[in-house]
Amino acid sequence: EELRAWANEWPAKEPIPRNKTIDYKPEDIIGENGDYAVLRTCPAECAAQLRICEKNFAADHAQLLEQECWFRDLSPQEWCQNVGVIADEAGIAVDAIKA
């Protein structure tokens, strides 16, 4: 439960609105189908939401192994490292997604 709470923390220090739709520039589209678009760069609100998804991916992976005796010995940052997710909380992860 602690790991899931960590995964769902809003990753940006500045207030970023949580929107169901994301405003982006047409020139940033790499590919799209009717409902989804892959973007070259990402607005801040999109980057923050994507960061939550990344952290939940790490938490999901960890929970697959929660019956292992060493499960509690690993920090959220170590779980991130195990699945290739940026582990920092200094805003670098969100900035990397936006770039």
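Residues numbered from 1 in each chain as written. Predicted model: local features only at pLDDT ≥ 70, side-chain atom pairs only at ≥ 80, totals over all residues. Heavy atoms only, no water.

Caption draft 1: Examining the pairing of strand β2 (residues 36–39) more closely. Note: strand β1 (residues 29–33) against β2, four bridges, orientation antiparallel. In the strand pairing of β2, isoleucine 29 is matched with leucine 39. Here β1 folds back onto β2 in antiparallel fashion, the turn holding two residues. (Pairing = 2+ DSSP bridges. Helix = DSSP H or I, 4+ residues; strand = E, 2+ residues; numbered from the N terminus.)

Caption draft 2: Seen up close, the pattern of salt bridges. Applying the stated criterion across every chain, the model contains two salt bridges. For aspartate 60, the salt bridge identified is with arginine 4, shortest N-O distance 2.6 Å. Taken together, the residues aspartate 60 in helix α2 (residues 44–64) and arginine 4 in helix α1 (residues 2–7) connect sequence positions 56 residues apart. The partly exposed category is assigned to aspartate 60, whose relative accessible area is 40%. Here arginine 4 falls in the partly exposed class, since its relative accessible area comes to 21%. Among the salt bridges present, the one from arginine 51 reaches glutamate 54, with a minimum N-O distance of 3.3 Å. Placement of both arginine 51 and glutamate 54 in helix α2 is noted, with a separation of three residues, approximately one turn of the helix. (Salt bridge = Lys/Arg side-chain N within 4 Å of Asp/Glu carboxyl O. Buried < 20%, exposed > 50% of the residue type's maximum accessible area, 1.4 Å probe, protein only.)

Caption draft 3: Expanded view of α2. For α2, built from 21 residues, the straight-helix expectation of 30 Å at 1.5 Å per residue is met to within 8% by its first-to-last C-alpha distance of 31 Å. Those residues of α2 that sit buried are Glu45, Cys46, Ala47, Ala48, Arg51, Ile52, Lys55, Asn56, Ala58, Ala59 and Ala62. (Expected span 1.5 Å × (residues − 1).)

Caption draft 4: Layout of the environment of glutamate 45. Topologically, glutamate 45 is positioned in helix α2. For glutamate 45, a relative accessible area of 13% translates into the label buried. The spatial distance from the C-alpha of glutamate 45 to the C-alpha of isoleucine 22 is 7.4 Å, given a sequence separation of 23 residues.

Caption draft 5: Structural context of helix α3 (residues 76–83). Buried within α3 we find Trp79, Cys80 and Val83. Buried residues of α3 fall within an arc of 105° about the axis and therefore sit on the same side. The secondary structure elements touched by the buried residues of α3 are α1 and α2. (Arc of directions from axis to C-beta. Contact = heavy atoms within 4.5 Å.)

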